[in-house]
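Structural overview
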Amino acid sequence: MMARTWPDRWLRVLRRTLLTVVGVQFGLAMAMTLVDSYRRRGKKPGEFPVTPPAQVPIGESTVTTYTYGQHLYDDMLAAIEGAQKQILFETYIWKGDATGERFKQALADAAARGVEVYCIYDGFANLVVSPVFKRFPRAMKVLRFPVYSAGLRFFDLRRYGRDHRKILVVDSEIGFVGGFNIGDAYATEWRDTHVRITGPGVWDLQRAVADFWNLHRRRRLRPSERPLLLETASDWEPRIRIQRNVPRLWMFPIRSMYLEAINRASRNIWITTAYFLPDQDFVDALKDAAARGVDVRLLVPLKSNHIVADWVSRGYFSQLLESGVRILRYRDAMVHAKTATVDGTWTTVGTANIDRLSLSGNYEINVEVIDAGLARQMEEVFRVDQSHCLELTVGEWEARDLHRKFTEFVLAPLRPLL
C-alpha cells in the first residue's frame, strides 16, 4: 500500500475536525431541547394583559385587531357558521384537541349545507396530530401540504418551504390573517396577534389562498383536487397590501417590505416577533435607524417554545444594545405575534417571523397597512405588551456568565439554518 501523503493527512484531519464541530453544535442543541422539554412538563404559563378587539375603518374596508385567541376563535367560528357561498381555510398547525374539533365540525357543517369549503394544512407541522382527526368529510375539499414536496428534485431549494400561513376567508367579505394557529393552548395561553379585514381588503387574501391551492394541488380530476377559480373585482384598497412569500416562485417580498419601512423611519420602529434570527443586513438596518435617532424597540419572548432559537438570537444582542436598540423580553407567556409599526403610519401583521426560515424559506403572508388609525391601535397594543416585559440593559447583558457566552459562541453557526 502507498503511504498517505501530507495533503491526504491534512484533509482527513480537517474532515474530522469539521464533523466534530458540527456534531458538538447539534448535540448541544438536541440536549438543550430535551432538557427544556422536561422542565416544561406540567407547567402552565402565567397570566398576561390583553388588549380587547378594536376596529379601525380604512377606506371601504375595516381592520380589527385581536390579541387573545379565544376572542379571535369566537369571531372566526361565527363567520364560518354564517357562511353562505365559500370558505377558504389555511393553517400551519391544526391541533386535534377540543378547539381543533370545533373548527373541523363547523367547516364540515358548512360543507353539508352546500357551502364550498377549501382547507389547507401543513403535513409536517401536524405529524403528531392523530390520523383519525385528519379524516374529513367528502364534501370538504382538503389539501395536505406534503411533509416532503421536492420529489426527485432533491436540489431544488424552491420546493422545501413549509406552509406557515394562517388565513380564513368567508364569502369574499370577511378575512382573517395573523400568527394564531388552531388549538387549545393558543386560545388562552399564548400572546399572539391576528386581524380581521372586511371589504375590498379581503380580495387579495382570497387570491392568495386560491393561488396556493392551484400551485400545489394534485393534477387529478377528483372534485377535491380541481382548480380553485375565483371571480373577484380587480379593484383593491391601496392602503391595505398583501405581501406573500412564495418559495416555489422564488418570491420573498416580506423582507424587502420590512427593510423599506425601517430605512424610511424617522420617529419610531416598534417590532414584536417570536423569533429574531435575521441576516446581518437586517440587523444593520435597525442599527442605522437607531444611530439617526429613531426609537427602535424589539419585543421578543423571555423564553420561547424553541430554546435553541432563543440562544442563537442572543448572538445579535450585543451589537443591537450598543447601537441604542431597546430589547424588551415578554415574561410569563409565549409571545408569538409577528407585528411592527413605524412612524405612526405604517403597520404590518402577519405570519412571518424575523428569521431566515420565514423571510427566505417558507410560504408566509403579511398584511401591510398605511393608515394612522391602525398604527395608533398597534402602538397601544405594543405599550400594553411592553408593560409586561423585562427590558435588557447593557450592564445586565455584559455581566452574563462565561458559560452563557460560550454556549452562544458554539451555537452561532446554526444561524443560517433557523
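Bear in mind the structure is a predicted one, so any value in this text is a computation, not a measurement.

1. What to know about the sheet that holds strand β3 (residues 86-91)
In space, the 8 strands of this open sheet follow the order β1-β2-β9-β7-β6-β3-β4-β5, with mixed pairing throughout. Across the chains shown, the open sheet's two edge strands, defined by having one partner strand only, are β1 (54-58) and β5 (141-145). In this sheet, adjacent strand axes meet at a mean angle of 15 degrees when their direction is disregarded. Two elements, strand β4 (residues 116-122) and β5, share 5 bridges in a ladder whose sense is parallel. Bridged to Y118 within β5 is K141. Along the sheet face, helix α11 (residues 372-386) touches β1 and β2 (61-66) and points at about 160 degrees away from the line of β1.

2. Topic: the nonpolar core
Of all hydrophobic cores here, the largest spans 42 residues; its most connected members are I87 and W94. Residue assignment for this core shows that the elements contributing at least two residues are α2 (69-81), β3, α3 (98-112), β4, β6 (167-170), α4 (184-188) and α8 (307-313). Counting contributing residues per domain, this core is built from domain 1 (54-238) and domain 2 (248-414), each supplying no fewer than three.

3. Some remarks on the side chain of H164
Positionally, H164 belongs in the loop between β5 and β6. Here the side chain of H164 touches T351 through a polar contact of 3.1 Å, landing on its backbone oxygen. Among the polar contacts listed, one links the side chain of H164 to the side chain of E364, at a separation of 2.9 Å. If sequence neighbours within four positions are ignored, H164 has contacts with Y92, K338, T351, N353, S358, N362, Y363 and E364.

4. Focus on the environment of D204
Tracing the backbone shows D204 in helix α5 (residues 203-216). According to the relative accessible area criterion, D204 is partly exposed, its value standing at 25%. Sequence-wise, D204 and R241 are 37 residues apart; in three dimensions their C-alpha atoms are separated by 8.0 Å. If we ignore the near neighbours within four places in the chain, the residues touching D204 are W236 and I242.

5. A closer look at the sheet that holds strand β14 (residues 326-330)
With mixed pairing, 8 strands are arranged side by side in an open sheet as β10-β19-β17-β16-β11-β13-β14-β20. Two strands bound the open sheet, and with one partner strand each, they are β10 (240-245) and β20 (389-392). Averaged over all pairs of adjacent strands, the angle between their axes in this sheet comes to 15 degrees, without regard to strand direction. Relative to strand β19 (residues 364-370), β10 runs antiparallel, the two being bridged by 6 bridges. Its bridge partner being in β19, Q243 is matched across the sheet by N366.

6. Looking at the UniProt feature "domain: PLD phosphodiesterase" (unreviewed entry) in the protein
Sequence positions flagged by UniProt for "domain: PLD phosphodiesterase" (unreviewed entry) are, in local numbering, residues 159-186 and 331-358. Helix and strand shares over residues 159-186 are 11% and 32% respectively, and the end C-alpha atoms of the span are 29 Å apart. What you have in residues 331-358 is 11% helix and 46% strand, and the ends, taken at the C-alpha atoms, are 24 Å apart.

7. Observations regarding the packing of aromatic side chains
Overall, the coordinates contain 22 aromatic pairs when judged by the stated rule. Pairing F145 with Y363 gives two aromatic rings, centres 5.8 Å apart and planes at 75 degrees, and the pair type is edge-to-face. Linking F145 in strand β5 with Y363 in the loop between α10 (356-360) and β19, this pair joins segments that are 218 residues apart in sequence. Y363 carries the same exposure label as F145, and that label is buried. Residues F276 and Y316 carry aromatic rings whose centres are separated by 5.9 Å and whose planes lie at 80 degrees to one another, so their mutual orientation is edge-to-face. Taken together, the residues F276 in strand β12 (residues 276-277) and Y316 in the loop between α8 and α9 (317-323) connect sequence positions 40 residues apart.

8. Topic: the pairing of strand β13 (residues 295-301)
The element β13 is extensively covered by neighbouring structure, given that 6 of its 7 residues are classed as buried. The pairing of strand β11 (residues 268-272) with β13 spans 5 bridges and is classified as parallel. Along β13, the bridge assignment pairs N268 with D295. Inspection of the sheet shows β13 paired to β14 by 5 bridges, in the parallel sense. Bridge pairing links R297 to R326 in β14.

9. Details of the pattern of salt bridges
Inspection of every chain in the model, using the stated rule, returns 20 salt bridges. For D163, the salt bridge is made with R165, and the minimal N-O distance between the two is 3.9 Å. R165 matches D163 in its accessibility class, with the two residues each being buried. A single network of salt bridges, built from pairs that share partners, joins R267, E379, E380 and R383.

10. A closer look at a nonpolar patch on the surface
Nonpolar side chains collect at one region of the surface, where F124, L127, V128, V147, Y148, L152, F154, F155, L157, Y160 and W250 lie side by side and expose about 1,300 Å² of accessible area between them. With respect to the element layout, V128 can be found in the loop between β4 and β5. V128 sits in the exposed class, given a relative accessible area of 72%.

Definitions and limits used
- Every chain is numbered independently, its residues counted from 1 as its sequence is written.
- Since the coordinates come from a predicted model, pLDDT governs what is reported: local features require at least 70, and pairs of side-chain atoms require 80 or more to be given and counted, while whole-chain, interface and lining totals use all residues.
- Computation of side-chain values covers all heavy atoms of the structure but excludes hydrogens and water.
- Any two strands with at least two DSSP-identified bridges between them are counted as paired.
- Numbered from the N terminus, helices here are DSSP runs of H or I no shorter than four residues, and strands are runs of E no shorter than two.
- Every angle, taken between N-to-C directions, lies between 0 and 180 degrees, and every axis is a line fitted to C-alpha atoms, over only the stretch in contact when it is a helix.
- Note on contacts: a residue pair qualifies if any of its non-hydrogen atoms lie within 4.5 Å across the two residues.
- To qualify as a nonpolar core, a set must consist of buried Ala, Val, Leu, Ile, Met, Phe, Trp, Tyr and Cys residues joined through side-chain atoms within 4.5 Å.
- Each residue is placed in one exposure class: buried if its accessible area under a 1.4 Å probe, protein chains only, is under 20% of its type's maximum, exposed if it is over 50%, and partly exposed if it falls in between.
- Note that domain bounds follow an automatic or database assignment of domains.
- The term polar contact refers here to a pair of N or O atoms within 3.5 Å; inside protein, the definition further demands a hydrogen-donor-capable atom paired with an acceptor-capable atom, and it admits residues adjacent in sequence only when both atoms are side-chain atoms.
- UniProt positions are given in the numbering used here, feature names are shortened, and annotations may be inferred rather than shown by experiment.
- Stacked, tilted and edge-to-face pairs are distinguished by plane angle, under 30 degrees for stacked and over 60 for edge-to-face with tilted covering the rest, among Phe, Tyr and Trp rings (Trp via its six-membered ring) whose centres lie within 6.5 Å.
- Note on definitions: salt bridges are taken to be side-chain nitrogens of Lys or Arg within 4 Å of carboxyl oxygens of Asp or Glu.
- A patch consists of residues whose relative accessible area exceeds 30% and which take part in no salt bridge; residues with like charges are grouped when within 9 Å of each other, and nonpolar side chains (Val, Leu, Ile, Met, Phe, Trp, Tyr) when within 5 Å.
- All accessible areas in this document rest on Shrake-Rupley with a 1.4 Å probe, and a residue is counted as covered only by the protein chains that are shown.

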